[in-house]
Amino acid sequence: MLGKNRFIDDICAHLKDFKLKLNLFAGQLAMNDLSHFPRLNSLPSVNEKKLKNYEEGMKKLHFEFESRFQDFSTIHVELDIFTMPFYLNCEAARSDLQLELIELHSNNHLK
């Protein structure tokens, strides 16, 4: 994730995507859907207990990411101001930036 010319919003997007994938995988394992697990899917039969263990592992990993990168959640709105100012709810922004965001939203030349 880290490297030259990497912006914080790119890192946040990667973290968010990864957490979404972990949730997807855990949910699929809970329903015995192995479409994203080709190796497991190629086996003639899969032990239900092992699938449950994999599901729990995905949930634990998701929880670990949530706790380790919780600081990114707190700066989410501030990052959205710079990455997608036209889609941000002005009321969600800091009060000193709200007027400028409203002016951006109403500027037809920028749209």
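Only a predicted model underlies this, so the values are computations on that prediction, with no experimental measurement involved.

Reading the values: rules and limits
Residues numbered from 1 in each chain as written. Predicted model: local features only at pLDDT ≥ 70, side-chain atom pairs only at ≥ 80, totals over all residues. Heavy atoms only, no water. Helix = DSSP H or I, 4+ residues; strand = E, 2+ residues; numbered from the N terminus. Buried < 20%, exposed > 50% of the residue type's maximum accessible area, 1.4 Å probe, protein only. Phe/Tyr/Trp six-rings, centres within 6.5 Å; stacked < 30°, edge-to-face > 60°. Expected span 1.5 Å × (residues − 1). Contact = heavy atoms within 4.5 Å. 1 Å grid on protein atoms, 1.4 Å probe; cavity = no way out; pocket = protein on both sides within 12 Å on 5 of 7 lines; lining within 4 Å. Points joined across faces, edges and corners; volume = space filled by probe spheres on them.

Describing the overall build of the protein
Link 1 in the chain: Helix and strand content of the protein: six helices and zero strands.
Link 2 in the chain: For the protein, the N- to C-terminal ordering of α and β elements is α-α-α-α-α-α.
Link 3 in the chain: If one aligns the C-alpha atoms of the protein with their principal axes, the spans along those axes are about 60 × 30 × 30 Å.
Link 4 in the chain: Counting across all 111 residues of the protein, residues that qualify as buried make up 22%.

Observations regarding the packing of aromatic side chains
Link 1 in the chain: Counting across every chain of the model gives three aromatic pairs.
Link 2 in the chain: Among the aromatic residues, those joined into a cluster by ring pairs are Phe-18, Phe-65 and Phe-69.

Digging into helix α1 (residues 8–30)
Link 1 in the chain: An ideal rise of 1.5 Å per residue puts 33 Å on 23 residues; α1 measures up with 33 Å between its terminal C-alpha atoms.
Link 2 in the chain: Following α1 by one or two positions, Asn-32 has its phi on the positive side, about 60°.

A look at the side chain of Glu-55
Link 1 in the chain: Take Glu-55: it is sitting in helix α3 (residues 48–68).
Link 2 in the chain: The buried category is assigned to Glu-55, whose relative accessible area is 5%.
Link 3 in the chain: Filtering out sequence-adjacent residues up to four positions away, Glu-55 remains in contact with Ala-26, Leu-29 and Ala-30.

A few points about the layout of surface pockets
Link 1 in the chain: Its boundaries defined by the atoms lining it, the largest pocket holds a volume of some 370 Å³.
Link 2 in the chain: Every residue lining the largest pocket is counted, 15 residues in all, and those nearest its centre are Cys-12, Ala-13, Lys-16, His-76 and Asp-80.
Link 3 in the chain: Here the element with the most residues in the lining of the largest pocket is α1; it accounts for six residues.

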